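Close look at the chain arrangement
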Amino acid sequence: MAVSATGMAATIENGGFETGNFSGWTLQMAKSVPGSANHEAPTGWAAVDSRLPGPILPESGHHFAALSIGGPSTFGGGSAPARVDLSQILSLQKGDMVSGWALVSQPETLNSPGHEHNAAERSYSPSRRQPAQESAWVRVLDGSGAEIANPWDAVLVDGPKAPACSVKTGTWEFWQWQAPATGSYTLELGSTAGKRAPFSDEACFDGIHVHSIPEPNALGLLAIGFGLFAAAGLRRS
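Residues numbered from 1 in each chain as written. Predicted model: local features only at pLDDT ≥ 70, side-chain atom pairs only at ≥ 80, totals over all residues. Heavy atoms only, no water.

1. A few points about the nonpolar core
In plain terms, the rule: Grouping buried Ala, Val, Leu, Ile, Met, Phe, Trp, Tyr and Cys residues that are joined through side-chain atoms within 4.5 Å yields what is termed a nonpolar core. A simple rule labels every residue: compare its accessible area, found with a 1.4 Å probe on the protein chains alone, to the largest value its type can have, and call it buried under 20%, exposed over 50%, or partly exposed in between. The helix count covers DSSP runs of H or I at least four residues long, the strand count covers runs of E at least two residues long, and both are numbered beginning at the N terminus. The contact criterion used throughout is that any non-hydrogen atoms of two residues lie within 4.5 Å.
By size, the foremost hydrophobic cluster in this structure holds 34 residues, and its most contacted members are Trp-152 and Leu-187. The set of elements that each furnish at least two residues to this core consists of strand E5 (64–69), strand E6 (82–92), strand E7 (97–104), strand E8 (132–141), strand E9 (147–158), strand E11 (173–178), strand E12 (183–193) and strand E13 (201–211). Not counting residues up to four positions away in its chain, the partners in contact with Leu-187 are Ile-12, Trp-25, Leu-86, Ser-87, Gln-88, Leu-90, Val-98, Val-138, Arg-139, Val-140, Trp-175 and Ile-208. If you look at the next biggest cluster of nonpolar residues, it comprises nine residues, including Ala-47, Leu-52, Leu-103 and Cys-204.

Now the structure itself:
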């Protein structure tokens, strides 16, 4: 959680995941009851990586967050939709800018040997996929939990043919959002998928920052300060 007081710069904790973990973030993962077991199982996975096949490298620094996009079929045949998300509460001033980078992986690349998170998916035939819609997104919620902005999203449609995607896969894309008013907001990074979507894709996030915009009063005081400094210099000369 990152909190700022009036007049102080807003910050985000671990926005580049350089700690090598999800410190500062709340990780939530939907669970389902698999058809072949009597216990709950996760419908996805989340990791902080430094490199994925492709290769996918950090947009900056040494690490980035990777969330699975897909259904729970790999974890026992459950039927619940999959959802994985990271969230962090920010206290922002009006005009503060939140920005970052996001991408969706290339499915054909991540099905290759060496994809350490999901060995079972490598043996899954794309021709046997049941049609499913998968998505990744960045969302902003207000203090009441209502979604007020969707700065970035990607929608993939899986089928017997190569997936169609609303963004260019494997490429980092820049997103940004400006706070419309002073208050508390929740930033969410996540992925969702249909009931039977396989674990073939990933949503990756990196380089998230908050850029504080000086308030008008602060700018005015700064201008006055510069004016007095200049006047003092003229008197000395």
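Now that the structure has been shown, we can carry on.
2. Some words on the pairing of E7
Under the convention used in this document: We call two strands paired when DSSP finds no fewer than two bridges between them.
The element E7 is extensively covered by neighbouring structure, given that seven of its eight residues are classed as buried. Of the pairings in the sheet, the one linking E7 to E11 comprises six bridges and is antiparallel in character. Paired with Val-98 across the two strands is Trp-177, which belongs to E11. By the bridge criterion, seven bridges tie E7 to E13 in an arrangement that is antiparallel. The residue of E13 that forms the bridge with Ser-99 is His-209.

3. Thoughts on the environment of Val-155
The residue Val-155 is located in strand E9 in this model. Residues Val-155 and Val-104, 51 residues apart in the sequence, show an inter-C-alpha distance of 9.3 Å.

4. What to know about unusual backbone geometry
Of note, the phi angle at Asn-14 is positive, near 60°, even though the residue is not glycine. Structurally, Asn-14 is set in the segment before strand E1 (26–29). Look at Phe-17: it is not a glycine, yet its phi comes out positive at around 60°. Along the chain, Phe-17 falls in the segment before E1.

5. Here we look at the pattern of salt bridges
For the record, the criterion: What counts as a salt bridge is simple: a side-chain nitrogen of Lys or Arg found within 4 Å of a carboxyl oxygen of Asp or Glu.
Per the counting criterion, the structure on display carries three salt bridges. The salt bridge involving Arg-83 is made with Asp-85; its shortest N-O contact spans 2.9 Å. Classification of Arg-83 as partly exposed rests on a relative accessible area of 29%. The shortest N-O distance in the salt bridge between Arg-139 and Glu-147 comes to 3.9 Å.

6. A short note on the packing of aromatic side chains
Note the cut-off: Only the six-membered ring of Trp is used, alongside the rings of Phe and Tyr, when aromatic pairs are assigned; centres must lie within 6.5 Å, and planes under 30 degrees apart are stacked while those over 60 apart are edge-to-face, with the rest tilted.
By the definition in use, this model includes six aromatic pairs. With 5.5 Å between their ring centres and 25° between their planes, Phe-17 and Trp-25 make a pair best called stacked. Note on Trp-25: relative accessible area 8%, which makes it buried. Ring centres of Trp-152 and Phe-205 lie 6.1 Å apart, and the angle between their planes is 85°; on these two criteria the pair is classed as edge-to-face. With a gap of 53 residues between them, Trp-152 in strand E9 and Phe-205 in strand E13 connect regions that are remote in the sequence. A residue is classified by how much of its surface remains accessible, and Trp-152, at 5% relative accessible area, is buried. You can call Phe-205 buried: its relative accessible area is 0%. By way of ring pairs, the aromatic residues Phe-17, Phe-22 and Trp-25 are connected into one cluster.

7. Brief notes about the confidence of the model for the protein
Cut-off, in case you're wondering: What pLDDT conveys is the predictor's confidence in a given residue, as a value from 0 to 100.
Mean pLDDT over the protein: 73, with 57% of residues reaching 70 or higher. Mean pLDDT in the protein bottoms out at helix H1 (residues 107–110), which sits at 42, and peaks at E11, which reaches 97. Predicted confidence is poor over residues 1–8, with pLDDT under 50, and the contacts of this stretch with residues over four places away or in other chains come to 21 contacts. Here residues 108–132 scores under 50 on pLDDT; set against residues more than four positions off or in separate chains, the count is 51 contacts.

8. Notes on the side chain of Ser-135
As a reminder, the rule being used: N or O atoms within 3.5 Å of each other form a polar contact, as long as, within protein, one can give a hydrogen and the other can take it, and as long as residues adjacent in sequence are counted only when both atoms are side-chain atoms.
Position of Ser-135 relative to the elements: it lies in strand E8. Among the residues examined, Ser-135 registers a relative accessible area of 15% and is labelled buried. Among the polar contacts listed, one links the side chain of Ser-135 to the side chain of Thr-192, at a separation of 2.6 Å. Those residues in contact with Ser-135 that sit more than four places away from it in its chain are Ile-69, Ala-154, Val-155, Gly-190, Ser-191 and Thr-192.

9. Some thoughts on the side chain of Ser-105
Note that Ser-105 resides in the loop between E7 and H1. Relative accessible area serves as the criterion here: at 0%, Ser-105 is assigned to the buried category. There is a polar contact of 2.7 Å between the side chain of Ser-105 and the backbone nitrogen of Glu-202.

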